[in-house]
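Here is what each chain is made of, one letter per residue.
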Amino acid sequence: MLKIIIPTIMLMPLTWLSKKNMIWINTTTYSLLISLISLSLLNQPSNNSLNFSLMFFSDPLSAPLLVLTTWLLPLMLMASQHHLSKEPLIRKKLYITMLTMLQTFLIMTFTATELISFYILFEATLVPTLIIITRWGNQTERLNAGLYFLFYTLMGSLPLLVALISIQNLTGSLNFLLIQYWNQALPDSWSNIFLWLACMMAFMVKMPLYGLHLWLPKAHVEAPIAGSMVLAAILLKLGGYGMLRITTMLNPQTSFMAYPFLMLSLWGMIMTSSICLRQTDLKSLIAYSSVSHMALVIVAVLIQTPWSYMGATALMIAHGLTSSMLFCLANSNYERTHSRTMILARGLQTLLPLMAAWWLLASLTNLALPPSINLIGELFVVMSSFSWSNITIILMGANITITALYSLYMLITTQRGKYTHHINSIKPSFTRENALMALHMTPLLLLSLNPKIILGFTY
Amino acid sequence: MNPLIFTTILMTVLLGTMIVMMSSHWLMIWIGFEMNLLAIIPILMKKYNPRTMEASTKYFLTQATASMLLMMAIIINLMHSGQWTITKVFNPTASIIMTSALAMKLGLTPFHFWVPEVTQGISLTSGLILLTWQKLAPMSILYQISPSINLNILLTMAVLSILVGGWGGLNQTQLRKIMAYSSIAHMGWMTAVLVYSPTLTMLNMLIYIMMTLTMFMLFIQSSSTTTLSLSHTWNKTPLTTTLILITLLSMGGLPPLSGFMPKWMIIQELTKNSSIILPTLMAIMALLNLYFYMRLTYSTSLTMFPSTNNMKMKWQFETKQITLLPPLIVMSSLLLPLTPMLSILD
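Residues numbered from 1 in each chain as written. Chains lettered and ligands numbered in written order. Predicted model: local features only at pLDDT ≥ 70, side-chain atom pairs only at ≥ 80, totals over all residues. Heavy atoms only, no water.

Asker: I'd like a rundown of the overall build of chain B, residues and numbers included.
Answerer: If you tally the helices and strands in chain B, you get 15 helices and zero strands. For 346 residues, the compact-globule formula gives about 20 Å, and the C-alpha radius of gyration of chain B, at 20 Å, lands near that figure. With respect to the principal axes defined by its C-alpha atoms, chain B has extents near 70 × 50 × 35 Å. Contacts spanning at least 24 positions in sequence make up 78% of the contacts within chain B whose residues lie at least 6 apart. If you sum the accessible surface of chain B, you get close to 14000 Å²; carbon and sulfur atoms cover 71% of it. For chain B, the separation between the mean place of its 16 positive charges and that of its 6 negative charges on side chains is 10 Å. (Helix = DSSP H or I, 4+ residues; strand = E, 2+ residues; numbered from the N terminus. Rg over C-alpha atoms; globule rule 2.2 N^0.38 Å. Contact = heavy atoms within 4.5 Å. Areas by Shrake-Rupley, 256 points an atom, 1.4 Å probe, with all protein chains shown as cover. Lys, Arg positive; Asp, Glu negative; His and termini not counted. Charge placed at Lys NZ, Arg CZ, Asp CG, Glu CD.)

Asker: Break down the overall build of chain A for me, with residues and values.
Answerer: Broken down by element type, chain A carries 19 helices and two strands. For 459 residues, the compact-globule formula gives about 23 Å, and the C-alpha radius of gyration of chain A, at 21 Å, lands near that figure. Expressed along its principal axes, the backbone C-alpha trace of chain A runs to roughly 65 × 55 × 40 Å. Within chain A, contacts between residues separated by at least 24 positions form 83% of all contacts whose residues are at least 6 apart in sequence.

Asker: A description of empty space enclosed by the protein should follow, citing residues and the corresponding values.
Answerer: Applying the stated rule across the entire model yields eight cavities of 30 Å³ or more. Space inside the largest cavity adds up to approximately 130 Å³. Around the largest cavity, the lining is made up of 17 residues, and of these Leu158 of chain A together with Gly252, Gly253, Lys263 and Ala283 of chain B lie nearest the centre. Of all the secondary-structure elements, those providing two or more residues to the lining of the largest cavity are helix H5 (115-124) and helix H7 (142-171) of chain A together with helix H13 (260-272) and helix H14 (277-302) of chain B. Per element, the largest residue contribution to the lining of the largest cavity is four residues, and it comes from H14 of chain B. Its residues assigned to classes, the lining of the largest cavity comprises 13 nonpolar, two polar and two charged. If you add up the space inside the second largest cavity, you get close to 90 Å³. (1 Å grid on protein atoms, 1.4 Å probe; cavity = no way out; pocket = protein on both sides within 12 Å on 5 of 7 lines; lining within 4 Å. Points joined across faces, edges and corners; volume = space filled by probe spheres on them. Nonpolar A, V, L, I, M, F, W, Y, C, P; charged D, E, K, R; others polar.)

Asker: Can you explain the interface of chain B and chain A? Please cite residues and give values.
Answerer: Contacts between the two partners involve 26 residues from chain B, matched on the other side by 28 residues from chain A. Interface of chain B and chain A: buried area, both sides summed, is about 2400 Å²; carbon and sulfur atoms make up 84% of it. Of all residues in chain B, Leu287, Tyr298 and Leu302 of chain B give up the largest surface area on contact with chain A, accounting jointly for 23% of the area buried on that side. Taken together, chain B and chain A are joined by zero salt bridges. Where chain B touches chain A, the interface holds three residue pairs in polar contact (both at pLDDT 80 or more). For the side of chain B that touches chain A, the secondary structure elements donating two or more residues are helix H12 (238-251), H13 and H14 of chain B. Ranked by the residues each element gives to the side of chain B that touches chain A, the list is headed by H14 of chain B, at 11 residues. (Buried area = accessible area lost by both parts, 1.4 Å probe. Salt bridge = Lys/Arg side-chain N within 4 Å of Asp/Glu carboxyl O. Polar contact = N/O pair within 3.5 Å; in protein donor to acceptor, adjacent residues only side chain to side chain.)

Asker: Go over the UniProt feature "transmembrane region" (unreviewed entry) in chain B with me, naming the residues and quoting the values.
Answerer: Residues and elements named next belong to chain B. Sequence positions flagged by UniProt for "transmembrane region" (unreviewed entry) are, in local numbering, residues 26-45, 57-76, 96-115, 151-171, 202-220, 241-261, 276-294 and 322-345. Taken end to end, residues 57-76 has its terminal C-alpha atoms 29 Å apart, with 100% of it in helix and 0% in strand. Split by type, residues 151-171 is 86% helix and 0% strand. Its first and last C-alpha atoms lie 32 Å apart. (UniProt positions renumbered as here; feature names shortened; annotations may be inferred.)

Asker: Hey, could you go over the side chain of Asp59 of chain A for me, with residue numbers and the actual values?
Answerer: Residue and element names in this part refer to chain A. Its location among the elements puts Asp59 in the loop between strand S2 (57-58) and helix H3 (62-80). A polar contact is formed between the side chain of Asp59 and the backbone nitrogen of Leu61, at a distance of 2.7 Å. If we ignore the near neighbours within four places in the chain, the residues touching Asp59 are Gln44, Ser49, Pro64, Arg245 and Phe457.

Asker: So what's going on with the layout of surface pockets? Residues and values would help.
Answerer: If you add up the space inside the second largest pocket, you get close to 600 Å³. In terms of lining, the second largest pocket is formed by 23 residues, of which the most central are Phe194, Leu195 and Ala198 of chain A together with Ile276 and Thr280 of chain B.

Asker: Lay out the confidence of the model for chain B with the relevant residues and their values.
Answerer: Here chain B averages 89 in pLDDT, while 95% of its residues score no lower than 70. Across the predicted assembly, pTM comes out at 0.92 and ipTM at 0.90. (pLDDT = per-residue confidence, 0-100.)

Asker: Describe the side chain of Ser224 of chain B, listing the residues and the values that go with them.
Answerer: Residues and elements named next belong to chain B. Of note, Ser224 is situated in the loop between helix H9 (198-221) and helix H10 (227-230). Look at Ser224 and you get buried, because its relative accessible area is 0%. For Ser224, the side chain forms a polar contact with the side chain of Ser222, separated by 3.1 Å. Each residue touching Ser224, except ones within four places of it in the same chain, is listed here: Leu124, Leu175, Phe219, Ser229 and Leu230. (Buried < 20%, exposed > 50% of the residue type's maximum accessible area, 1.4 Å probe, protein only.)

Asker: I'd like a rundown of H3 of chain A, residues and numbers included.
Answerer: All names here are of chain A. Over its 19 residues, H3 runs 27 Å from end to end, which matches the ideal 27 Å to within 8%, given 1.5 Å per residue. Remark: the principal bend of H3, roughly 25°, maps to Leu72, with a proline, Pro74, within the next four residues. The buried count for H3 comes to 18 of 19 residues, which makes it a mostly enclosed element. (Expected span 1.5 Å × (residues − 1). Bend = angle between axes of the 7 residues up to and from the residue.)

Asker: Describe in detail the domain arrangement of chain A, supporting the description with residues and values.
Answerer: Residues and elements named next belong to chain A. Per the domain assignment, the segments of chain A are domain 1 (1-42 + 54-111), domain 2 (136-251) and domain 3 (262-458). A straight line from the C-alpha centre of domain 1 to that of domain 3 covers 25 Å. Contacts between domain 1 and domain 3 engage 15 residues on the former and 18 residues on the latter. For the pair domain 1 and domain 3, the summed buried surface comes to about 1600 Å²; carbon and sulfur atoms form 78% of the total. Joining domain 1 to domain 3, the criterion identifies zero salt bridges. Counting the contacts that link domain 1 with domain 3 gives three residue pairs in polar contact (both at pLDDT 80 or more). The residue inventory of the side of domain 1 that touches domain 3, partitioned by class, reads 11 nonpolar, three polar and one charged. (Domains from an automatic or database assignment.)

In structure tokens:
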């Protein structure tokens, strides 16, 4: 694992020592090389984990997330080039340093063995994200957004720290590999109910669960493009990954403790999808669609069946790529019109046809068109929730319909129709932007040929 | 002040604390406290104006009262044990009185009222000495009598201190008052774990002193005493803004900076001793502290605070000397991976 972590750390001296005209080239190239190294982790023997050392391991669940993380850094760097072009050199280097620091912490989080180490790195990802949102966001609301983001996450995760330490006290070790074998049933008592809550709330806030999701639209909307990309694609998945890991220790209470959260998620996904239909702000629409997809992941994790775990993992990877691509597309609009309002930039198909193709593909994967991996994820989740309780099919079906509705609404508003007369002087699509979209779409489409690698450890 | 006299007075302060920390006779400890108090008054009054006079008077009155209470506790201890050696305190009454006296000296709730007002009235360097060096002597006595301290009183004072330190600092813009409230809250964390593991108290003290030293050095370097003047540092030395950001986040206890280490260790020790609600409450109340540190970082490093036009070309008349700043900053932010080395503190 050090062969990934050390090069990522070394990206920081690389940025500070590069010449002015080489910073983007250097960092993007080397981060692409690092992502190629991480691809070798996908070769997992069945169900067992690859143990690299006492502190790092990789598992069929964490390997796809790791590959997604390393794949996303070059994409973030490519996406940020335009809005940083007018900043002084030191600020550009600071921005890249923040992204690299965040990347290092994320890689270490996804491969940590010891749960306290996971916790420290999980919290550590907050600091660079906060700095990126607050320092380089565009509107005054970003201050409030940063505060909401920081405090919601911290309020949820401080009880997690106490819970992890008390579990270490009870069972003797928090090393994840050992816990898999030592697992005992958690006895039923009031204090264990609070233990369950303390363990799960941090990840519920991060996912986010419907009632605690207030930080997400603020943070996503106010963040600059790289911030939005990393938030949507990876940081939300930290919550899902944490939940998948920690529920192994929390049986059998999950079977009855999960009910309120299942209800909140099932209702919340319909609510947030419906809100998407009424949004005027493009980034806000994509943010709420993230909440809706993540609610599906929460339902899948809490049901705890092998199919639902497969669906959750596939959905996380698929949503990461799709959501990040949608944010890049929204950003390409923002860079041209400096506004996030959807109706200000409509009819773009006549002006930018190739970008319209990317919009079409992104919207189609967002609404889970077969045979994309989004569909595989959603389908597995729908099927397993149907087996858990027959009635959920109504809500799931409604959600799929409304998801299709708002994805097509977004597509049609921005692409079809007559273009407005004030946008016929926008710049044509850059090669960089087209490359960005292609690099998002290609893994998504290729994975539909072999979804086995993203189906997680219950395959 | 005449440098020779200033050196003598400073040495007396140092000597006073050293006497407190190294004596085994209760009377010598009391003498050490008094020496410390009397010698620090001229240091607090380095600038001669009514505000410093008021601050020094308040400090003198509270500390003298605390010393008198300490003397009473020593005498009651003498009555019940017949000897002056500092081991544990032999009588519960004496223990309670001594704990209250030392809490007054440290600035724990409900004896915290003097800390913001005194810190605000004195200069930044004197405030630095007040909030770091002066805490060493009472803490060393608490460390030594820790087996016989009444747990209920100490824990109540600690939790209330964390609460007051968090809430009181929320409405402040003066930097010295913010540092004072932060000191109250950190003292609360330190005394909460005193009965369970005094080693962690010492660890917290060490890291707190490093972080407070760093903060004060950064304030002194930009001669700023209010949030407004701190927000102009991007103009004078832009690097300082990043350093202020890192140190403030470390004080707030965010991983992966070293300010997280004492909080983590304290929560671990308390949880191992089966008190679970208490560390959760303490950790959540520390978020209040984090809020006003975040406000400071927002106005200093993360946004460009509105300023008038002539601020943008501010002259700097002399380069201030920054004592020890780079090592302090490194130590106050990057020590977390060294946590396994805690065993040397035993």
